[in-house]
Amino acid sequence: MNRFSAMMKMTAVRLSALYLLLFTVCAIGLVFYMTSLSVNLLTSQTEAAVNEEIESVGQSYQRAGIAGLVRSIERRGRQPGAYLYLVTDPAGRIVAGNVQSIEAGVLQTDGWIERPISYERYGENNDPEVHRAIARVIVMPNGIRVMVGRDLGEPEKIRLVVRRSLGAALGIMGIGAFLIWFFVGRRALHRIDEVSVASQRIMGGDLAGRLPVSGSGDEFDRLAANLNGMLARIQELNEGVRHVSDNIAHDLKTPLTRMHNRAESALANAKTTKAYRAALDGMIGDSDQLIRTFNAILMISRLESGYSSETMELLPLSTVVQDVFELYEPTAEDAGITFTLGSVDATPVRINRELVGQTISNLVDNAIKYAGGAEKPVEISLAVEKQDHMIRAIVTDNGPGIPPDQVDRATERFVRLEESRSQPGSGLGLSLAKAVMKLHGGTLELQDNAPGLRAVLAFPVGEETK
Amino acid sequence: MKILVIEDDREAARYLEKAFAEAGHSADVAGDGETGYTLAEQGSYDALIVDRMLPRRDGLSVVAALRAQGIDTPALILSALGQVDDRVTGLRAGGDDYLTKPYAFSELLARIEVLQRRASPKEAETVYRVGDLELDRLSHTAKRAGQGIILQPREFRLLEYLMRHSGQVVTRTMLLEHVWDYHFDPQTNVIDVHVSRLRGKIEKGFETPLLHTVRGAGYMLKAGGIDA
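Now for a look at the structure at hand. Given the structure is predicted, the values throughout are model-derived calculations rather than measurements.

Conventions we followed
- Residues numbered from 1 in each chain as written.
- Chains lettered and ligands numbered in written order.
- Predicted model: local features only at pLDDT ≥ 70, side-chain atom pairs only at ≥ 80, totals over all residues.
- Heavy atoms only, no water.
- Helix = DSSP H or I, 4+ residues; strand = E, 2+ residues; numbered from the N terminus.
- Buried < 20%, exposed > 50% of the residue type's maximum accessible area, 1.4 Å probe, protein only.
- Contact = heavy atoms within 4.5 Å.
- Areas by Shrake-Rupley, 256 points an atom, 1.4 Å probe, with all protein chains shown as cover.
- Polar contact = N/O pair within 3.5 Å; in protein donor to acceptor, adjacent residues only side chain to side chain.
- Core = buried A, V, L, I, M, F, W, Y, C linked by side-chain atoms within 4.5 Å.
- Expected span 1.5 Å × (residues − 1).
- Pairing = 2+ DSSP bridges.
- Axes fitted to C-alpha atoms, helices over the stretch in contact; angles between N-to-C directions.
- Salt bridge = Lys/Arg side-chain N within 4 Å of Asp/Glu carboxyl O.

## What about the overall build of chain A?
Counting its regular elements, chain A contains nine helices and 13 strands. Here chain A holds 466 residues, and the buried ones make up 38% of them. When contacts within chain A are restricted to residue pairs at least 6 apart in sequence, long-range pairs at least 24 apart make up 60% of them. Here chain A displays about 26,000 Å² of accessible surface, and carbon together with sulfur accounts for 58% of that area.

Structure (structure tokens):
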């Protein structure tokens, strides 16, 4: 019963019940309309026949008077057929005709009796059935009444047949609809049960689990396929989060362990104030690195969750590139790096100066960090170029570069291509750059500088400066 | 210096109270925005440290209300939200400086000391002097013991900032903010290299150092040695 009431709650079942009801009402209406039409037609035909009969009876009367009329009635009444004849004297006694008894009051009427009347014929005593007919009564001047009528058997039969077949049809239809809806609904219920069981299992921790797909390609399959896609995405994100937290754990654990060791060894070994001071300095450096990592994580999540466009200003990209160049020039010079500023296009673009400045300095920072230490002289260059409605800030170096198969991975969070993580850094620089470029509607491309890395920040030129 | 810390995180507030006391300042703590506003309104503080998210009344509206009252005690806004647009809204509400959590206490201390000094009239002086070092803001020249020093425009701004805050610790981020006008955290030692170049220019050939490195914090321009 629960199952039934659950089924009644299903939209499909409710709709089919409603359709069934509406269809039944319409069908009944239509059938009644059609039967009444055909019955009316038959009735008017009957009336015409009655009139014809009266006319010929009247002719007999005109030819031979009352006696002729009675004779004619007697003769006609003996013939088999649907006609009723009756003649009464002024006192109401039956004089002639083929009717034994008739509904009271009929003979008192003058003219058409439109409603069906019941009567009994002679010689039909063993048939208790009461016939129905329509008739016309004519009152003669001398008080004699003549009634001619016709049995309604035929139209009544039609009505009956139509109603019976309608009932049968409706019955079959109802049972069919019920069966269809029972099986379809049951199937739907079954599929839904499967889905809910599977989703409970997934909620219970089986994140690799998927909803069953029957392969029929119906709505349920499409729904299950979409939900499975969603589950796959969730799993992917979940794994991503796990990967990131592993990396966070690693990145935070390393400086924390180092701090711990420093403090411990200072306590155990340091004899002079200077040694204590050195240990404390080192610990401050480690905690600074921790803070940097945290800040970078926070910043990326803020950038990814959307950033106010209010902070954008129309500014030549070259001013930012020049700032960064000037900021890093002494550092590069001290490191023996050839640091050059190439052509700088001064077309203004809508940028967040802070974020772009930070991004470009991160790229220069990376170039110094990773290209340095090679045997050959290191060259790093900065440039701003305009091409095809794009303004590109380009940072190139001649260091080891990024292997082509690693380029996609390089911008993922916490991915550091040198597995040992020996160089200081959070592994967040390039993902930050990517997030910043996405915010600006631009792209970060990491190309092969043969040798080295060519990092291109491409900004779309706004309408106002085209 | 008397500092009011409006911070709802008790642990953090207690730590700040203790750390400021160790640095020779006294700090009062208010646990919510309303209390903080009432205390700050009395106006007897040299600086305010206001957390942005506070119970009962948020930090920005506390600062804005104080400014509307004509109370211009320097205020540093602390925020866990971070990032540039927050800083802009914070400064627009009347804050004087902005620091993102997590931060190093040395950074906060340096900024608060500089903020408090900002209220002093030094801003209006046209010539800064530290020992025998002299910087003329109008003619854009610098001299040490009467001897001219040739500086690049950026070096001049760097020296100007250091001299304006002579005797105070300035951190690397503060230098990047005020000399280069960028607010990110310099990843490597870029600022140090600029400072050491400037040091070379102002100290080369002179006996006494002026530009000191405060380990773990930043730099200080001061005639005579520093304690550290």
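## Comments concerning the side chain of Arg144 of chain B
Residues and elements named next belong to chain B. Residue position: Arg144 is located in strand E8 (residues 141-144). Of note is the side chain of Arg144, whose polar atom sits 2.8 Å from the backbone oxygen of Ile202. Setting aside residues up to four positions removed in sequence, Arg144 forms contacts with Asp132, Leu133, Ile149, Ile202, Glu203, Phe206, Thr208 and Leu210.

## Observations regarding the nonpolar core
Within the largest apolar cluster, 75 residues are counted, with the highest numbers of intra-cluster contacts made by Leu317, Ile360 and Val364 of chain A together with Leu159, Leu162, Leu175 and Leu221 of chain B. If you look at the next biggest cluster of nonpolar residues, it comprises 19 residues, including Ala40, Val50, Leu60 and Ala75 of chain B.

## Points about helix H6 (residues 153-164) of chain B
One full turn of an α-helix is made of 3.6 residues, so residues set three or four places apart face in the same direction. Spanning twelve residues, H6 of chain B covers 16 Å between terminal C-alpha atoms, matching the ideal 16 Å at 1.5 Å per step. Buried residues dominate H6 of chain B, accounting for ten of its twelve residues.

## Considering the sheet that holds strand E12 (residues 443-448) of chain A
All names here are of chain A. The strand order across the open sheet built from five strands is E8-E10-E11-E13-E12, with neighbouring strands paired in mixed fashion. Edge positions in the sheet fall to strand E8 (338-344) and E12, since each has one partner strand and no second. Across this sheet, the average inter-strand angle for adjacent strands is 15°, counted without regard to direction. As defined by bridge partners, E8 adjoins strand E10 (residues 379-387) across five bridges and the pair is classed as parallel. In the strand pairing of E10, Val344 is matched with Val384.

## Section: the pattern of salt bridges
Per the counting criterion, the structure on display carries 24 salt bridges over all chains. Here Arg201 of chain A and Asp206 of chain A are joined by a salt bridge, their closest N and O atoms 3.8 Å apart. Residue classification places Arg201 of chain A among the partly exposed positions, given a relative accessible area of 44%. Among the ionic pairs, Asp323 of chain A bridges to Arg154 of chain B, the shortest N-O distance being 3.6 Å. Linking Asp323 of chain A in helix H6 (residues 317-334) with Arg154 of chain B in helix H6, this pair reaches from one chain into another. A relative accessible area of 16% means that Arg154 of chain B is categorised as buried. It is possible to trace a salt-bridge network through shared partners that takes in Asp323, Glu326 and Arg353 of chain A together with Arg154 and Asp181 of chain B.

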